[in-house]
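Chain residues, written in single-letter form:
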Amino acid sequence: MSKQADSHDTIIILDFGSQYTQLIARRVRESNVYCEILPYNSAKDMVLARRPKGIILSGGPASVYDEDAPKLTYDILQEFQCPILGICYGLQVIAADLGGVVTPSTNREYGYARLRVTDKNSPLFMDLPSEMDVWMSHGDHVIKVPEGFHVTAQTADSLNAMEGLSGRIFGVQFHPEVAHTPFGKQILQNFLFKVCEAEADWSPQAIVGEQVTRIKALVGNEKVICGLSGGVDSTVAATLVHEAVGGQQTCIFVNTGLLKEAEFETTQSLFKQKMHLNVVGVDASGDFLSALKGVIDPEEKRKIIGRVFIEIFEREAGRLGGVKYLVQGTLYPDVIESISVRGPSAVIKSHHNVGGLPERMKLKLIEPLRELFKDEVRTIGRELGVPEDLLGRHPFPGPGFAVRILGEVTPDHLRLLRAADLIIEEELKLAHLYDSIWQAFPVLLPVSTVGVMGDYRTYERVLAIRAVTSVDGMTADWARLPHDVLGRISTRLISEVRGINRVVFDVSSKPPSTIEWE
Ligand code: XMP
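Below: a short report on this structure.

Topic: the sheet that holds strand β16 (residues 364-366)
For step 1, the next point in the chain: Taken in spatial order, the 5 strands line up as β14-β13-β12-β15-β16 in an open sheet, and their pairing is parallel. Each edge of the sheet is formed by a strand with only one pairing partner; in this case those strands are β14 (279-283) and β16. Direction aside, the axes of adjacent strands within the sheet are offset by 30° on average.
For step 2, the next point in the chain: When strand β12 (residues 223-228) meets strand β13 (residues 249-255), the two strands line up parallel, connected through 5 bridges. Within the sheet, the bridge partner assigned to Cys-226 lies in β13 and is Cys-251.

With respect to the packing of helix α7 (residues 204-219) against helix α14 (residues 374-383)
Packed helices, taken two at a time, are described by the angle between their axes plus the distance between the axes.
For step 1, the next point in the chain: Relative orientation of the contacting elements α7 and α14 amounts to 65°, with a least axis distance of 8 Å. The hand of the α7/α14 crossing is right-handed. Here Pro-204, Gln-205, Ile-207 and Val-208 of α7 lie close against α14, whose contacting residues are Glu-376, Thr-379, Ile-380 and Glu-383.
For step 2, the next point in the chain: Grouping the amino acids of the contact of α7 with α14 by side-chain chemistry returns 4 nonpolar, 2 polar and 2 charged.

Points about empty space enclosed by the protein
For step 1, the next point in the chain: Applying the stated criterion to the full structure yields 1 cavity of 30 Å³ or more.
For step 2, the next point in the chain: Within this model, the largest cavity holds a volume of roughly 80 Å³.
For step 3, the next point in the chain: As for the largest cavity, its lining consists of 13 residues, and the residues nearest its centre are Lys-260, His-394, Asp-421, Ala-440 and Phe-441.
For step 4, the next point in the chain: Elements that contribute at least two residues to the lining of the largest cavity include exactly α16 (411-430) and β17 (439-453).
For step 5, the next point in the chain: With 4 residues, the single largest contributor to the lining of the largest cavity is α16.

Here is what the cut-offs are and how they apply
Residues numbered from 1 in each chain as written. Predicted model: local features only at pLDDT ≥ 70, side-chain atom pairs only at ≥ 80, totals over all residues. Heavy atoms only, no water. Pairing = 2+ DSSP bridges. Helix = DSSP H or I, 4+ residues; strand = E, 2+ residues; numbered from the N terminus. Axes fitted to C-alpha atoms, helices over the stretch in contact; angles between N-to-C directions. Left-handed = near helix turned anticlockwise from the far one by under 90°. Contact = heavy atoms within 4.5 Å. Nonpolar A, V, L, I, M, F, W, Y, C, P; charged D, E, K, R; others polar. 1 Å grid on protein atoms, 1.4 Å probe; cavity = no way out; pocket = protein on both sides within 12 Å on 5 of 7 lines; lining within 4 Å. Points joined across faces, edges and corners; volume = space filled by probe spheres on them.

Right under this line is the structure:
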């Protein structure tokens, strides 16, 4: 069991595969209550071991009538004595399980609905208006509640919320976790505080103290290494471990030659001077570039970079000798991805990290951020005094510019992309847009077009600008950059970066596209 679950009132969210499951967790945590997401079919003992103060059954895309519909694998109503809240599919599972009637709809009901509270004494709707807007996204609906239950709210003429078994079991058809349900957070908080009587004793800041104590006890006098990338996650993880074991940790910062302009030098000095981290900088740009020579296939590029990275890391760790632990900046979405109801997601792109190293070197992992979301990591970073310009940085992939140069990675292509990247970043900062965008970067296309510069014909490369908004990088929309900003960026790119005579803007969202082009 995790340290968090051990020391705080815990809410368990059983995931039936809804796209909103992580949002439920966000809302619970924003209310300062610790929670964990577990797959709907988790073993009973695993759930019980967390001593939940309450359980939330998430929504899901299935119909309870589907042959392979996810169902509860044991009778939670008998096995658990804590309050339970079913949301959307979660409500239908409870209703179907206890003898209510669920009917399939011919089409999915999607969008706003007006909710009318019919039982003003229901703790779920306490201190709320008797009518409110709610967000719906469902196919089936419950037409008859199980015995011992009654309807607590309706939309038009159909049932939308129910309560039963002496105020212990609740269900809502709408989605309280989404921003489109304005009173949703209060409804969830009524469940947390009025029904479950959970204590609001969790905060990302509280994690700092807990993790420092835990890491100190775990590591003792042993040596620890950490791969620093200059990104938010590894920086905050290293800073947290530094708080715990100080000089016992050595951070290794590898220059892959695929980094942003001056990144290797400036970030290293920031780590050393402002954050007092013990950093070893390794310039391996030559190794990476020669291994990538002539390679065009995106997956091959990623695999080569991963392999060279491990070789260098292994060599440096070997030089230090006697290392027992490896620090990684794994975040909660990475953890959920691998355990969710959908199972480990198919590999779309091999991610570059120090995967493989722990087994090869028999290292034990320290992942102090594995229960946190990205913005919680930023909050902790602030608490630990990590400089703001580092915390606000756009994510940068491990394989760096190699996956933004379509085709072969050459020193000239890298020069071109570095210069373009700098211009885009500068202009977005000048326009005060940098912080509202998840990521913005140039992609060098393997396409040449004809242009005219001065009186001369040119035949040069096309550069694409990719800019997206996102909450966690798992889904993204293309950023609606103002035309004048795009115009300024394009003019500067073409006039200042030699080798480009055309700029295009990527207007695809994720899915179906991905953020990086390779
Ligand atoms: P995609 O392209 O999969 O990217 O939509 C989602 C987010 O992940 C980043 N990304 C990576 N980060 N190593 C990383 O550390 C990688 O190999 C990698 N590939 C993609 C990408 O920049 C975006 O923020």
